[in-house]
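The primary structure of each chain is shown beneath.
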Amino acid sequence: MSRCARHGCAVDIKECMKTVLDKINENYSDAERQLLLKAYHYAEEMHKNQKRASGEPYFTHPCAVAEILVDLGMDTPSVAAAFLHDVIEDTPATPEDIRSRFGDEILTLVEGVTKLDKIRFQTREEEDAENFRKIFVAMANDVRVIIIKLADRLHNMRSLNFLSHERQQRIARETLDIFTPLAGRLGISQIKCELEDLCLKYLDPEAYEYLAANIHQRLEERRNFVDLVVAQLQKMLNEDNIKGEVFGRPKHFYSIYRKMKNKGLTLDQIYDLTAVRVIVNTTEECYEVLGKIHKRWKPVPGRIKDYIATPKRNMYQSLHTTVVTNFGQYFEIQIRTFEMHKMAEYGIAAHWKYKEQKSGENSFDQRLSWIRDVMDWQGSLNDSKEFVDSLKNDLYSNELLVFTPHGKVISLPLEATPVDFAYSIHSEVGNKCVGAKVNGKIVPLNSKLKTGDVVEILTSTTTKGPSWDWLKFVKSGSAKAKIRQFFKKEMKEENTKTGRAMLEAEAKRRGYSLNDILTDDSFKKLSNKLVFANVDEMMASVGYGAVSVNQIIYKLIDYYKKEMPKPAEALDTAKLNHTPAGSVTVKDMSGLLVRFAHCCNPVPGDRIVGFVSRGRGVIIHRADCPNVKELESDRIQPAEWTGQTEKGFIAGIKILATDDSGITAFITSEIAQLQLTMTQINGRLGKDGKAHFDINVKLNKRSDLDLLVNHLKKDKRIIDVFRTSN
């Protein structure tokens with residue numbers, strides 16, 4: 001005997017596994033049963049001797065996942081893939097084994113689920129984002145992959161009590177953030193509601209236990225009342241010869257919990273713990289029943305919702321009304337057809353469960369069109385986190401319904417603007433948008449739309465495109481992605497120049513040259529992480545803000561510091577002959593390429609140290625260079641000057657002087673008299689009223705610099721002169 005993870009009771013494990021076989025015998029043809037039994041026995045053999053955290057045989061898990069899919073009415077390949085979904089990852093089975101035994105279709109489904117489970121990442125945020133993105137890629141290829149994954153997650157949540165508290169919290173949070181809204185978006189309310197209740201059980205156990213105890217008590221108290229309402233509604237149908245069903249259904253815990261949290265209510269203030277449903281045959285009968293209900297009981301203003309005329313984004317259809325009895329008792333009634341009820345319960349899975357009824361094809365296509373729309377714009381985003389941020393509003397927010405001037409219904413996130421509306425029509429409408437009318441009146445583009453608004457977009461063929469400021473107020477993920485996509489494609493040349501200038505400036509500020517740290521090797525390593533096709537694409541991404549300057553510079557400097565050293569015999573002798581290597585010696589080293597750091601420009605006479613770089617020889621720094629503190633201490637070696645060199649050295653000096661029209665001429669004259677070469681001069685008048693000069697001078701020895709500084713300081717107009725590090 002063992003404890004069943006699904007029911008939490010002590011039962012014979014083989015009995016639980018037998019349940020799925022019984023359901024297969026009841027719901028599938030002879031040929032389908034043969035294939036499913038073959039998958040069952042193969043998975044059982046491959047998982048033998050494996051245990052779950054609960055201690056029960058591992059094979060109970062794929063059996064439970066398959067049973068969930070059978071209950072949803074999924075097709076034979078989906079159920080077979082459920083039996084096999086862990087064999088490639090957790091057993092010696094190979095993809096070729098699956099293909100040879102079960103064919104390409106089932107292999108594709110198994111590999112689709114496996115890929116979502118095998119990804120490993122460096123950070124939790126990165127993992128969540130990339131997993132989310134891969135789920136959508138998998139859905140676009142075959143939506144059955146995500147239905148199998150939802151069933152897999154549902155059974156894992158049912159057995160979550162066997163894991164550590166930390167893993168319970170992580171998995172429950174991930175489920176609530178990713179999988180429950182996906183189940184809702186696909187309309188599979190059976191899975192969505194159970195997942196939400198299970199998440200609440202682990203994320204807020206006190207609230208869950210409180211609701212479990214108190215809701216049950218209140219439902220018992222209200223049972224007579226609900227039975228009375230159901231009987232009266234059934235009588236109403238019978239009197240008018242309307243064939244239908246009426247029943248009460250308790251709302252699931254999480255929906256009550258969310259209402260209490262969002263509205264600050266106590267459980268005593270929640271009146272609609274049970275929703276009464278009326279299921280009839282036709283849409284006309286839905287509206288007829290609604291009228292009769294409002295004639296018998298008083299409707300609550302603002303609580304009547306027509307999701308038949310304007311379906312939710314997941315294609316849910318029903319009439320909702322909240323009414324109050326003559327003695328002041330509130331209750332909610334939902335009215336729908338049998339077909340609408342199937343779609344509300346099973347969502348996209350109803351396409352397979354009721355496949356003999358072709359009326360659902362249009363709804364199925366509409367559900368898939370949402371996934372295709374997401375994939376249309378996700379391909380333009382390099383960063384998975386950006387994809388998730390763009391998608392969250394589409395998944396998590398409530399919706400508002402607005403109309404085109406021709407009466408077409410458009411679904412948008414709450415607080416959406418005319419710009420969101422424009423991009424929902426077409427990318428070009430959004431890009432050429434110059435104004436908007438709402439209910440016939442001109443409104444600002446950042447106006448918040450309300451349900452029922454009629455929106456007309458004003459466009460111009462002469463406009464250059466969207467404004468970057470639109471990103472501050474648009475709400476839909478697709479609109480944000482399409483605006484970024486425009487700036488990425490249409491302004492690539494300008495963005496490339498901007499990005500390069502930003503990177504060069506930041507590299508210089510940190511004491512490096514972009515040309516030195518951006519090598520073929522470093523870009524290759526960088527592109528492996530950030531997925532850039534070429535250097536120009538990287539520059540453009542920085543220019544339009546897809547990645548930050550620091551994201552690039554930090555990595556380039558890190559790669560620069562960690563390059564592997566080259567053997568002495570492999571060095572380019574031509575470079576050695578043109579480098580003043582003979583003027584410096586580094587302790588215990590010889591024959592290596594010597595370079596002088598651009599950040600501090602050491603000159604003969606300066607105290608110096610040598611940094612043994614990886615792949616770029618020895619780099620000589622001034623001993624007081626600030627960047628030396630950031631270098632690996634075990635790679636720093638003592639160094640000293642050994643003689644003169646014919647090559648000049650660049651030194652930087654900063655001069656602070658009084659504002660005088662002749663001060664610039666004086667400085668340049670002193671440099672010329674000492675027969676030194678000035679390579680750069682920048683002068684400005686500071687806010688302090690003083691003249692500030694940054695000058696680079698070419699020297700042959702340290703004494704030249706000391707002599708220049710002494711000469712300049714003799715003039716009383718010079719306030720200060722000092723050596724700079726760059």
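Above this text you will find the structure in question.
Described in the following lines is the structure provided in the data block. Sequence order as written defines the numbering, with residues in each chain counted from 1. Reporting of local features is limited, given that this is a predicted model, to residues whose pLDDT is at least 70; pairs of side-chain atoms are given and counted only at 80 or more, and all residues count toward the totals for whole chains, interfaces and linings. Excluded from the side-chain calculation are hydrogens and water; included are all heavy atoms of the structure.

Things to note about the environment of Phe247
For helices the rule is a DSSP run of H or I covering at least 4 residues; for strands it is a run of E covering at least 2, with both sets numbered from the N terminus onward. Relative to the helices and strands, Phe247 is located in strand β3 (residues 245-250). Phe247 sits 27 residues away from Thr274 along the chain, and the two C-alpha atoms are 9.9 Å apart. Contacts were defined at the residue level, with two residues in contact if any of their heavy atoms lie within 4.5 Å. Once residues lying within four places of it in the same chain are set aside, the contact partners of Phe247 are Val230, Ala275, Val276, Arg277, Ile279 and His341.

Quick notes on the environment of Arg249
Inspection of the secondary structure assignment puts Arg249 in strand β3. Apart from the residues lying within four places of it in its own chain, the contact partners of Arg249 are Leu273, Thr274, Ala275, Arg277 and Glu345.

A short note on the sheet that holds strand β18 (residues 636-641)
If you walk across this open sheet you meet the 5 strands as β14-β18-β16-β17-β15, and the pairing is mixed. Two strands close off the open sheet at either side, each with one partner strand: β14 (584-586) and β15 (594-596). The mean angle between the axes of side-by-side strands here comes to 35 degrees, regardless of whether they run parallel or antiparallel. As paired elements, β14 and β18 share 3 bridges and run antiparallel to each other. Note on β18: the bridge partner recorded for Val586 is Ala639. We call two strands paired when DSSP finds no fewer than two bridges between them. Lines fitted to the C-alpha atoms define the axes, with helices restricted to the stretch that makes contact. Angles between their N-to-C directions range from 0 to 180 degrees.

Here we look at the pattern of salt bridges
Opposite charge on two side chains lets them pair, provided their charged atoms get close. The salt bridge criterion pairs a side-chain nitrogen of Lys or Arg with a carboxyl oxygen of Asp or Glu, the two atoms within 4 Å. Evaluation of the coordinates by the stated rule reveals 23 salt bridges. Across the pair Glu56 and Arg52 runs a salt bridge whose closest N-O atoms are separated by 3.8 Å. In this structure, Glu56 and Arg52 share a single accessibility class: buried. A cluster of three or more residues bridged by salt bridges with shared partners is formed by Lys23, Glu67 and Asp71. Buried, partly exposed and exposed residues are distinguished by accessible area as a fraction of the type maximum, computed with a 1.4 Å probe on protein chains only: under 20%, between the cut-offs, and over 50%, respectively.

As for the packing of helix α22 (residues 492-509) against helix α26 (residues 549-561)
A pair of packed helices can be characterised by two numbers: the angle between their axes and the separation between those axes. For the pair α22 and α26, the least separation of the axes is 10 Å and the interaxial angle reads 50 degrees. Considered as vectors, α22 and α26 are oriented oblique to each other. Between α22 and α26 lies a crossing of right-handed hand. Along the contact surface, α22 presents Met502, Leu503, Glu506 and Ala507, while α26 presents Val549, Asn550, Ile552 and Ile553. Oblique is the label for any angle not under 35 degrees, not over 145, and not in the 65 to 115 range, which are roughly parallel, roughly antiparallel and roughly perpendicular in turn. Take the far helix as your reference; a near helix turned counterclockwise from it by less than a right angle gives a left-handed crossing, and one turned clockwise gives a right-handed crossing.

Remarks on the environment of Asp86
With respect to the helices and strands, Asp86 occurs in the loop between α4 (76-84) and α5 (87-90). What makes Asp86 buried here is its relative accessible area of 5%. In this structure, the C-alpha to C-alpha distance between Asp86 and Ala43, residues 43 residues apart in sequence, is 8.6 Å.

Things to note about helix α2 (residues 30-46)
Given the number of residues in a helix, its expected span is that number minus one, multiplied by 1.5 Å. Given a rise of 1.5 Å per residue, 17 residues ought to cover 24 Å, and the 24 Å separating the end C-alpha atoms of α2 matches this to within 8%. The set of residues buried in α2 consists of Arg33, Leu36, Ala39, Tyr40, Tyr42 and Ala43.

Looking at the pairing of strand β11 (residues 433-438)
Relative to strand β13 (residues 455-459), β11 is paired through 5 bridges, and the arrangement is antiparallel. The residue of β13 that forms the bridge with Val438 is Val455. Relative to strand β12 (residues 441-443), β11 runs antiparallel, the two being bridged by 3 bridges. Each bridged residue has a counterpart across the sheet, and for Ala436 the counterpart in β12 is Val443. Where β11 hands over to β12, the hairpin turn is made up of 2 residues, of which Asn439 adopts a positive phi near 55 degrees.

Quick notes on the sheet that holds β12
In a beta sheet, neighbouring strands pair by backbone hydrogen bonds and run either parallel or antiparallel. What the 3 strands build is an open sheet, ordered β12-β11-β13; its pairing is antiparallel. Only two strands of the sheet have a single partner each, and these edge strands are β12 and β13. The sheet shows a mean angle of 35 degrees between the axes of neighbouring strands, taken without regard to direction. Taken strand by strand, helix α19 (residues 418-425) contacts β11, β12 and β13, and its axis lies near 80 degrees from that of β13.

Concerning the side chain of Gln334
With respect to the helices and strands, the residue Gln334 is situated in strand β8 (residues 330-337). In protein, a polar contact requires one atom able to donate a hydrogen and another able to accept it; more generally it is a pair of N or O atoms within 3.5 Å, and residues adjacent in sequence count only if both atoms are side-chain atoms. Within the structure, the side chain of Gln334 is placed 3.2 Å from the side chain of Glu332, a separation counted as a polar contact. Excluding residues that lie within four positions of it along the chain, Gln334 makes contacts with Ala275, Val276, Arg277, Val278, Tyr316, Ser318, Leu319 and His320.

Brief notes about unusual backbone geometry
One non-glycine residue with positive phi stands out, namely Asn49, at about 75 degrees. In this structure, Asn49 sits in the loop between α2 and α3 (60-72). The phi dihedral of Asn241 falls on the positive side, at around 55 degrees, and the residue is not glycine. Along the chain, Asn241 turns up in the loop between α12 (205-239) and β3.

Remarks on the packing of aromatic side chains
Stacked, edge-to-face and tilted are the three classes for Phe, Tyr and Trp ring pairs, Trp counted by its six-membered ring, which pair at centre distances within 6.5 Å; planes under 30 degrees apart are stacked, over 60 edge-to-face, the rest tilted. Taken as a whole and assessed by the stated rule, the structure comprises 9 aromatic pairs. Two thresholds decide whether a charge sits over a ring: the Lys NZ or Arg CZ must be within 6 Å of the ring centre and within 35 degrees of the ring normal. The side chain of Lys38 reaches across the aromatic face of Phe102, ending 5.4 Å from its centre. Geometry around Trp297 places Arg296 over its ring, the cationic atom sitting 5.8 Å from the centre.

Overview of the nonpolar core
What is meant by a nonpolar core is a set of buried Ala, Val, Leu, Ile, Met, Phe, Trp, Tyr and Cys residues, joined one to another through side-chain atoms within 4.5 Å. Leu69, Leu72, Phe83, Leu84, Ile147, Met157 and Leu211 are the most contacted members of the largest nonpolar core, which has 76 residues in total. Of all the elements, helix α9 (residues 144-158) adds the most residues to this core, at 8 residues. If we skip the residues at most four places from it in the chain, Met157 touches Ile171, Ala172, Thr175, Leu195, Leu198, Cys199 and Tyr202. Counting 27 residues, the second largest nonpolar core, distinct from the first, contains Phe523, Met539, Ile552 and Val628.

With respect to the packing of α9 against helix α11 (residues 189-203)
With their axes 10 Å apart at the nearest point, α9 and α11 run at an angle of 35 degrees to one another. In this structure, the crossing between α9 and α11 has a hand that is left-handed. Note on element contacts: α11 touches α9 through Ile191, Glu194, Leu195, Leu198, Cys199 and Tyr202, opposite Leu150, Arg153, Leu154, Met157 and Arg158. Throughout, the ten residues Ala, Val, Leu, Ile, Met, Phe, Trp, Tyr, Cys and Pro are labelled nonpolar, Asp, Glu, Lys and Arg are labelled charged, and all others, Gly among them, are labelled polar. In the contact of α9 with α11, the residues fall into 8 nonpolar, no polar and 3 charged.

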